[in-house]
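One-letter residues, chain by chain:
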Amino acid sequence: MRRTIAALLAALLLAGLPAGADAPKLVLDAAIAWTDAWEHFGGWSGVHVSPDGRSFVTISDKGSFAEGVLERGPDGTLTAAKLTRRGRLHGIDGSLLGESESETDAEGLAVDDRGRAYVSFERFHRVRRYDDLAGAATRLPAHPDFRRLQTNSGLETLALDADGTLYAIPERSGALDRPFPVYRLLDGRWDKRWSIRRDGTFLPVDGDFGPDGRFYLLERDFRWLGGFATRVRRFDVGPDGFTDEVTLLRTDFGALDNMEGLAAWRDPQGRIRVTLLSDDNFFVLQRTMFAEFILEGG
């Protein structure tokens, strides 16, 4: 069944691959469903994959977290995802987050080398650090812009670079011709000098710094009669911001689901893999799935 799904998605994705045999592109390697009977299962957004590609962490817009293992075949192809730990997120006072969306809507996730998780929330726009996702949160500074973000379009993207600098990007920029602001937590304050070019109606939902030092940005678009389209852009990072933009993937509407999590890592063969995870919105016609790609063409 997994290979049937992968073959179907490969055909659907073909039209979205960059032109040219040598152009850098993401090529689908596997697509699998992830299911569980847990009542809070679903709504997964940001995802972190371990450097060896064998485990993952994710957070949900219902204020939950999940950890699991990624099972692989002899060639490294993803075959299954299995839950190993789950729980509810807590506030800075150690109590469970409330049931309202303003408390629980976790969207962005980044994990540092010490295993500490950084989580961004929207509606009540904030960023928190968790030394243990099952424990109390630590408050991080806020930028004055955060309180002015749209209710359901907050800090969807969190990422940590090799130096441990935290980056946050909101889902919307406020206008089609306005770049997306990039907030960097420098010396305890959010810096806003950088931005990312907005291109069309795609909106950023997650990002990660890959093992090559480049920034991989996951974006989505939506049409009521077509479903979701997925795009991944890659950027070099210089002293003045993001440069050398390349589109690695752009799918047709409906080819994948509502992909909201991205992790970039290097496999034992030296190839960069990009793992995507979908948010099913707790809607019966959507699904929770992992889709994994291999970077080809440099």
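Anyway, here's the lowdown on the structure attached to this text.

### Some remarks on the side chain of Asp191
Relative to the assigned elements, Asp191 resides in strand S13 (residues 189-196). Only 2.6 Å separates the side chain of Asp191 from the side chain of Arg193, close enough to count as a polar contact. With residues near it in sequence (within four places) discarded, Asp191 still touches Val182, Tyr183, Arg184 and Leu186.

### Describing the sheet that holds strand S8 (residues 126-130)
Overall, antiparallel pairing links the 4 strands, which are arranged S6-S7-S8-S9 in an open sheet. A strand with exactly one partner marks an edge of an open sheet, and here the two such strands are strand S6 (106-111) and strand S9 (137-139). Averaged over neighbouring strand pairs, the angle between their axes works out to 30 degrees when direction is ignored. Pairing of strand S7 (residues 117-121) with S8, which is carried by 5 bridges, proceeds in the antiparallel orientation. Its bridge partner lying in S8, Ala117 is registered against Tyr130.

### Description of unusual backbone geometry
One non-glycine residue, Arg123, lies in the positive phi region at around 80 degrees. Inspection of the secondary structure puts Arg123 in the loop between S7 and S8. Judged by relative accessible area, which is 27%, Arg123 ranks as partly exposed. In this structure, Asp244 takes a positive phi of about 50 degrees despite not being glycine. Within the secondary structure layout, Asp244 lies in strand S17 (residues 241-250). Judged by relative accessible area, Asp244 falls into the exposed class, the value being 54%.

### Considerations on the sheet that holds strand S16 (residues 227-238)
The antiparallel open sheet is built from 4 strands, whose spatial order is S14-S15-S16-S17. Each edge of the open sheet is held by one strand with a lone partner, namely strand S14 (203-209) and S17. Direction aside, the axes of adjacent strands within the sheet are offset by 25 degrees on average. Both S14 and strand S15 (residues 215-223) contribute to a ladder of 6 bridges, which runs antiparallel.

Rules behind the numbers
- Residues numbered from 1 in each chain as written.
- Predicted model: local features only at pLDDT ≥ 70, side-chain atom pairs only at ≥ 80, totals over all residues.
- Heavy atoms only, no water.
- Helix = DSSP H or I, 4+ residues; strand = E, 2+ residues; numbered from the N terminus.
- Polar contact = N/O pair within 3.5 Å; in protein donor to acceptor, adjacent residues only side chain to side chain.
- Contact = heavy atoms within 4.5 Å.
- Pairing = 2+ DSSP bridges.
- Axes fitted to C-alpha atoms, helices over the stretch in contact; angles between N-to-C directions.
- Buried < 20%, exposed > 50% of the residue type's maximum accessible area, 1.4 Å probe, protein only.

All we've got here are geometric facts, nothing functional implied.
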